[in-house]
Amino acid sequence: MAEIVYPPGCRPISDDLNTDELIRRLKTLAHTLQAMGQDDGAYKQYIPLSLHLAEEQFLSHPSRDVQLLIACCIADVLRVYAPEAPYKDPDQVKTIFLFLITQLSGLKDPKDAAFKRYFYLLENLAYVKSFNMCFELQDCQEIFCALFHLMFKIVNDEHSGRVKSFMLDVLCPLITESDMVSNDLLDIILMNIVEPHKTQQKNAYYLAKELIVKTSETLEPYIQAFFNHVLILGKEDKNLQICGKVYDLIYELNHICPQILLAVLPQLECKLKSPLENERLAAVALLAKMFSEKDSELARRHSSLWRAFLGRFNDISIAIRTKCVQYSMHFLLNHPDLRKDITDTLKMRQHDSEENVRYQVVMAIVTTARNDFQVVSDSEDLLEFVKERTLDKKFKIRKEAMSGLALIYRKHLSDPDVPNATKKAVTWIKDKILHGYYMAGMEDRLLVERLLNTCLVPYQLPAAERMKKLYHLLGTVDEHATKAFMELQKNQLCVRKLVLEWLELHRRPNQTGELHKEMALKVQALSRCLPEPVKAHEFLTKFSNHLKRDASLLEQFEIVARPSVSCKECSEATAAVLKKLGPPVMTNLYYNTVKMLLERISSVMIDHEAIRLLVGYVEDCLRGGNTIEEVGLHPATAGDRGLKLLVMLSVVFPSHFHYADVLEQLMGLLRLEDENVAPLFPDLMDSLAPICKELAQSGTPKQAKGAIHCIFKNMPELHETLFPSILESVKNSLTPESPHYRTAIVTLGHIAFNVPERYKVQIKNIVSRKIVKELLVKEAREGDFEINDSEPWCSEEELPEETRCKVEGLKAMARWLLGLKQDTASAQKTFRMLNAFILHKGDLLQSGRLSKAEMSWLRLAAGCAMLKVCEQKGVGDQYTAEQFYNLSLLMVDEVKQVREIFATKLHKGLSKGLPNKCLPLDFMGYYALAGRETENRLRTTVRNYMIADINRRRDYVKTLTMGAGQADKAMSQLPHILPDYMLVFAVPVLAHDPNLSKWDDVQELTRAKHCLWFILEPLVTKSDYFSYGFYKSLIERMKNHKDAKLWALCDLASGLLLTRTTNYDLKDFPSETRIPTMYFAPQSDFVNTRVFLPPELQYQPNKKTSITLSMLNNDRQKKLKPKKPEGCGPLGTDVQPSEASDTKIQLPGLEEDIDEPPAKRLRERIKVDVDK
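Throughout, a residue's number is its position along its own chain's written sequence, starting from 1. For a predicted model such as this one, the threshold for reporting local features is a pLDDT of at least 70, and the threshold for listing and counting side-chain atom pairs is 80 or more; totals across whole chains, interfaces and linings nevertheless cover every residue. Hydrogen atoms and water are omitted, and side-chain values are computed over all heavy atoms in the structure.

Novice: Where do I start with the overall build of the protein chain in this structure?
Specialist: Helix and strand assignments follow DSSP, with helices taken as H or I runs no shorter than four residues and strands as E runs no shorter than two, numbered in order from the N terminus. When helices and strands are counted, the protein chain shows 57 helices and zero strands. When a residue's accessible area, from a 1.4 Å probe over protein chains only, is under 20% of the maximum for its type it is buried; when over 50% it is exposed; and in between it is partly exposed. Per-residue burial over the protein chain gives 55% buried out of 1172 residues. Here, Shrake-Rupley sampling with a 1.4 Å probe gives the accessible areas, and only protein chains in the shown set may cover a residue. Of the roughly 53,100 Å² of accessible surface on the protein chain, 50% is carried by carbon and sulfur atoms.

Novice: How do you make sense of the pattern of salt bridges when you look at a structure like this?
Specialist: Note that side chains of opposite charge can pair when their charged atoms are close. The term salt bridge refers to a side-chain nitrogen of Lys or Arg lying within 4 Å of a carboxyl oxygen of Asp or Glu. The final tally for this structure, using the stated rule, is 60 salt bridges. Across the pair Asp76 and Arg79 runs a salt bridge, and its minimum N-O distance is 3.1 Å. A residue pair is termed a helical-turn pair when its members lie 3 or 4 positions apart in one helix, as Asp76 and Arg79 do in helix α4 (residues 64-81) at three residues. In terms of burial, Asp76 and Arg79 fall into one category: buried. Among the salt bridges present, the one from Glu935 reaches Arg937, with a minimum N-O distance of 3.4 Å. On the accessibility criterion, Arg937 (42% relative accessible area) is partly exposed. Linked through salt bridges whose partners overlap, the residues forming this network are Arg11, Glu21, Arg24 and Arg25.

Novice: Before we go on, may I ask you to explain the packing of helix α45 (residues 824-839) against helix α47 (residues 881-888) in this structure?
Specialist: The description of two packed helices rests on the angle between their axes and on the distance between the axes. The angle between two axes is taken between their N-to-C directions and runs from 0 to 180 degrees, where each axis is a line fitted to C-alpha atoms and a helix contributes only its stretch in contact. It is at 10 Å that the axes of α45 and α47 come closest, and there the two elements cross at 40°. Considering the angle they form, α45 stands oblique to α47. Our pair here, α45 against α47, has a crossing hand that is left-handed. On the side of α45, the interface is formed by Phe831, Arg832, Asn835, Ile838 and Leu839, while α47 contributes Gln883, Asn886 and Leu887. Each angle receives one of four descriptions, namely roughly parallel if under 35 degrees, roughly antiparallel if over 145, roughly perpendicular if within 65 to 115, and oblique otherwise. A clockwise turn of the near helix away from the far one marks a right-handed crossing, whereas an anticlockwise turn of less than a right angle marks a left-handed crossing. Note on contacts: a residue pair is in contact if any heavy atoms of the two residues lie within 4.5 Å.

Novice: Explain helix α13 (residues 246-256) here, please?
Specialist: The α-helix winds at 3.6 residues per turn, so residues separated by three or four positions along the chain end up facing the same way. Burial of α13 is extensive: nine of the eleven residues sit out of reach of the surface. For α13, the full list of buried residues reads Val246, Tyr247, Leu249, Ile250, Tyr251, Glu252, Leu253, Asn254 and Ile256.

Novice: Which parts of the structure should I look at to understand unusual backbone geometry?
Specialist: The phi angle of most residues is negative, glycine excepted, and most peptide bonds adopt the trans form. The amide bond that connects Glu195 to the next residue, Pro196, takes the cis arrangement and shows omega of 5°. For Lys129, which is not glycine, the phi torsion reads 50° and is therefore positive. Assignment of secondary structure puts Lys129 in the loop between α6 (115-127) and α7 (140-154). Look at Lys129 and you get partly exposed, because its relative accessible area is 38%. In this model, Lys841 sits at a positive phi of 60°, which is unusual for a non-glycine residue. As for its placement among the helices and strands, Lys841 is situated in the loop between α45 and α46 (852-870).

Novice: What's the story with helix α17 (residues 303-311) in this structure? I'm lost.
Specialist: What α17 keeps buried is the set Leu305, Trp306, Ala308, Phe309 and Leu310. Lining the buried residues of α17 we find α14 (268-272), α15 (277-292), α16 (298-301), α18 (318-326), α19 (328-334) and α20 (339-349).

Novice: How should the environment of Asn356 be read in this particular structure?
Specialist: Here Asn356 shows up in helix α21 (residues 355-371). The residues touching Asn356, leaving out its near neighbours within four places in the chain, are Thr322 and Lys396.

Novice: What is the right way to look at the packing of aromatic side chains in this model?
Specialist: Each pair of aromatic rings is reported with the distance of its centres and the angle of its planes. In this analysis, rings of Phe, Tyr and Trp, with Trp reduced to its six-membered ring, are considered paired at centre separations within 6.5 Å, and the interplanar angle assigns stacked below 30 degrees, edge-to-face beyond 60, and tilted for intermediate values. Considering all chains together, one arrives at 28 aromatic pairs under this definition. Considering the side-chain rings of Phe135 and Phe144, the 5.5 Å spacing of their centres and the 85° angle between planes classify their relative orientation as edge-to-face. The partly exposed category is assigned to Phe135, whose relative accessible area is 24%. For Lys289, the ring lying beneath its charged end belongs to Tyr251, and the centroid distance is 4.2 Å. Note on criteria: charge over ring means Lys NZ or Arg CZ within 6 Å of the ring centre, with the direction from the centre no more than 35 degrees off the ring normal.

Novice: When you look at the nonpolar core in this model, what are you seeing that I'm missing?
Specialist: If you look at soluble globular proteins, the nonpolar side chains tend to sit buried side by side. In terms of nonpolar packing, the biggest core is built from 208 residues, with Leu53, Phe131, Phe148, Phe227, Ile250 and Phe309 touching the most fellow members. Per-element accounting of this core gives the leading share, 13 residues, to α4. Excluding anything up to four places from it in sequence, Ile250 contacts Phe227, Leu231, Leu261, Val264, Leu265, Leu268, Leu286 and Met290. Within this scheme, the nonpolar core is defined by two criteria: the residues are buried Ala, Val, Leu, Ile, Met, Phe, Trp, Tyr or Cys, and they are joined through side-chain atoms within 4.5 Å. One finds Leu688, Cys692, Ile771 and Val989 within the second-largest nonpolar core, a separate group that totals 145 residues.

Novice: Explain the confidence of the model for the protein chain to me, please; I cannot follow it from the model alone.
Specialist: The predicted structure's coordinates, where accompanied by low pLDDT, should not be read in detail. For every residue, the pLDDT score states the predictor's confidence, bounded by 0 at the bottom and 100 at the top. Per-residue confidence for the protein chain gives a mean pLDDT of 83; residues scoring 70 or more make up 86%. Within the protein chain, helix α56 (residues 1137-1141) has the poorest average pLDDT of any element, 32, and helix α48 (residues 896-910) the best, 94. This model gives residues 677-683 a pLDDT under 50, and the stretch forms 30 contacts once residues within four places in sequence are excluded. This model gives residues 1116-1172 a pLDDT under 50, and the stretch forms 114 contacts once residues within four places in sequence are excluded.

Novice: Would you mind showing me how to read the packing of helix α29 (residues 479-507) against helix α31 (residues 533-549) here?
Specialist: Between α29 and α31, the shortest axis-to-axis distance is 10 Å and the interhelical angle comes to 45°. In terms of orientation, α29 and α31 fall into the oblique class. At the point where α29 passes α31, the crossing takes the right-handed sense. Only Leu540, Phe543, Ser544, Leu547 and Lys548 of α31 make contact with α29, whose side of the interface consists of Trp502, Leu503 and His506. Amino acid classes used here: Ala, Val, Leu, Ile, Met, Phe, Trp, Tyr, Cys and Pro are nonpolar; Asp, Glu, Lys and Arg are charged; the rest, including Gly, are polar. Of the residues belonging to the contact of α29 with α31, the class tally is five nonpolar, two polar and one charged.

Novice: So what exactly am I meant to see when it comes to a positive patch on the surface here?
Specialist: Surface patches are defined over residues having more than 30% relative accessible area and no salt bridge, joining like charges when they lie within 9 Å and nonpolar side chains (Val, Leu, Ile, Met, Phe, Trp, Tyr) when within 5 Å. For the purpose of counting charges, residues Lys and Arg are taken to be positive, whereas Asp and Glu are taken to be negative. His and the chain ends are not included. Just so you know, the charge point we use is NZ for Lys, CZ for Arg, CG for Asp and CD for Glu. A contiguous patch of positive charge, built from Lys490, Lys705, Lys868, Lys905 and Lys908, is present on the exposed surface. Residue placement: Lys705 occurs in helix α40 (residues 701-714). When its relative accessible area of 46% is taken as the criterion, Lys705 is described as partly exposed.

Novice: Looking at this structure, I do not really get the side chain of Asp341. What am I missing?
Specialist: Mapping Asp341 onto the fold places it in helix α20. Of the residues examined, Asp341 reaches a relative accessible area of 17% and is grouped as buried. Only 3.3 Å separates the side chain of Asp341 from the side chain of Arg307, close enough to count as a polar contact. With residues up to four places along the chain from it excluded, the contact list for Asp341 reads Trp306, Arg307 and Leu310. Contacts described as polar in this section are N or O atom pairs within 3.5 Å, which, within protein, must combine one atom able to donate a hydrogen with one able to accept it, while residues neighboring in sequence count only if both atoms come from side chains.

And the structure:
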């Protein structure tokens, strides 16, 4: 070996020196080498020294300082001798560079005392690109991987920009000047730009990001090759971690250096169409993120890929459709040019069969509107989608749609700077939210109540502002929304009264067993006012015990429920109650149950101050003041709407009106010359009585009604003086020549209803002479009326005055009978007259002088009067079967408006207080005729009425059966309440429908089949109450009564049950099957086992079951063993003509003298028809 020559001033180094001495000599040598330049060939004598420094004993010296100094010396040697390093042996070169990499790890701590030397080492290696000499080595990629791995590992926040810059200077050449980049090296680089490294090692991320940007041209073919291998060929190298994060990598690379992906992104189209769901989902998630980002131009650059992506909105996978919809908001907000495409796809998805997809559609649009309403208001379709979802079958979706719309309404309508276009876009929202109160579910009602107080009329607002919002709301919503608001307030009032009664029980000193039973009934009643009554019952019982233990809690709760409480007191008391119920989290069901009850009873909208302000606003509107414009009302309706609102509130919040200042304001309203103003408020009798009397005698019909109501309610001590005087005046005005004729009729009707017994004979004489003889049965006068005779309908205001008087006369007759309650003779006579109106299409005397519109109004008024009377037990029980069938004709009247109004009145009568204050169950049978309705909107409306009535009765039955000790009472009432008995009344109604003239006419029977399914569908499908055995027994027993059309209808019903249902369980039903003898003439020893249907309508059983028609009939024959009747016709199933004639079918309008049995109400007339 050649002799080792040391530079001047440097002493020899060897491993046998002690460490300190070795360090001193190495420092001198390192300083000397550092000063040397790169003069070619000048330092050949130091080559042996260079080789000596790289010997194993120095590279593996135990001293860290020795190793660092050796590394610095070697780095200087590489600098001085560059580009021809003195190290030629490949193994030695590899060892040296791995040693240098190890030394560079000292850079990780800039606070280290030796950091400057480590930095010098890095700078030196970067300056001369020392690592480039590794390109000649076979294992160069191993060295590079170690170096890159180290750099990404040690880089941190404490490193200066210069340190990071030199790191890049070391790394970049190893990529840009290399002949190839290995997958392992690529893996190390790319792993640092995806999660979790991106978040956990941010400095490494930024280093890798800069590295990729600087070397993008070199890396591009390698990255593309990698993606081709993974995406197209589907070959993943398990040794490469990045293979599991391909889509994350594409996303990050698109941010760092998009041009790298120009050839890669089109390849994703094949992944979007992959047969594997997880591949499609991953590709969709990536592209949704990339396409939707702000300033992204990918959709424009890759239009084919964008179209393929849009196709995934209709993917078979629920998860993929959901993912697409979730990103819709970002598209709508960030990309105006893509909104049309996204809107079109959302249009399909809002009707998706999967509820979560529909839910995400709603969330996307609502969130967009919250962030930038202009986006939504520019596209009418988007809010329409949310509007439609307020009627979704899933409450979760309805809730988000309604809540989203309410927040939009609150946010944008309360801002005075919102442009008019935006205000117009949200005007229908308030109507839609209030319409939600028509939904059958209790959750929907509670939601609307909550949204009313938080968004439509925010309770946090000052009273003046709050009342303006309320006035604007009720002054601009449609009729249905107004009715919903009234119903909402009434329901809350009922719950408040129930709570007050419940709290009163807690105040009683003696807690007896009877009291506990009464309290349990109150808790049960309250639980029905909340969703999930069973759970609510449990938590309300717990709350009841809590109230007994905690006097302060009881006191605060009483404040909330107190009728005269102010909004502020109520809000504070509510908060105090909730504080005592535990943490306000979703899992605290006890807290949430009591909170829902509090929401139902809290009066945070209306108090004395609010009423005082509201009356002031209404008065100003009636005078045509500035309030009309401030509140945003229509000048023509502002005053009337305000008065109606005050009437509504006076019913629900009477306590807040019992103040001198409010009552004085109301008296001031009565002095205004406005036909809508009438006495509607209590107290101030001395001033009020003469006004009421005058309005009852000479006001408008509307004012007269309010006046009589006010006298009756508020002036009981003045009844003896006021009513006789008013009656006398009315009697004198009951002539066609009187200008107050119609007012007198209305006044008479309301006096007869409110005080029937006091003036019984006098009123009866007036009704008989003045109403019946001189008005209703008097021939119409000739006259020129401005009404088109060809039009079947007109508004009430367009009717001739005489006809309007007749309509009011029919209403007065109904009110008179309702007041009498038990005058059966008068009721029978009245029913005959009303029936005649219906039979003769409204022209009672068939004079031919009435226009079609007048006849429509008169027969409708007669029908509505009959319905009204039938609600009252006693007089309401006097109709005959024939009159019952004739009344049903209004359900299929030729005039749409007649059908619509009659169906509404029918629903109203059926939905009143069960079981004794509503129309009897018989009238549910009328709904079957709505199956003939040709107008879709009206058909849907009537169907909703029917479903609501069915659900109300089922809820009542549930209440009965839940009640302790009420089982016997419940069982006896079931036949009069259970909606399943609708079929018993629907069948005879259809049998007596003139449209079903022949029992064997295929077309007519087909229509009848649709009618039967119209009522059966909500009863038998998706119902836990359905019992096939009950219906089977019911139909069999109906069929044992003699009427050919009844038999055919029964067979149609049997066929529908067999073909349209899947559950044929003969489980017990809570009630026996009973047949009302009023509509079914019983036949002794008559058993009917035949099928009375034409061959075309004979039904095939459902394929899912093994039940057949023959099985049913055989089963019945085995049970009953009847005498086999002879059939006729090709199948032997037709009925003999002689039998058909024996049925004596009574068609409406058929003149025949018959002895009718005395009619009785359903509660008394249903008899058990037992087969003997």
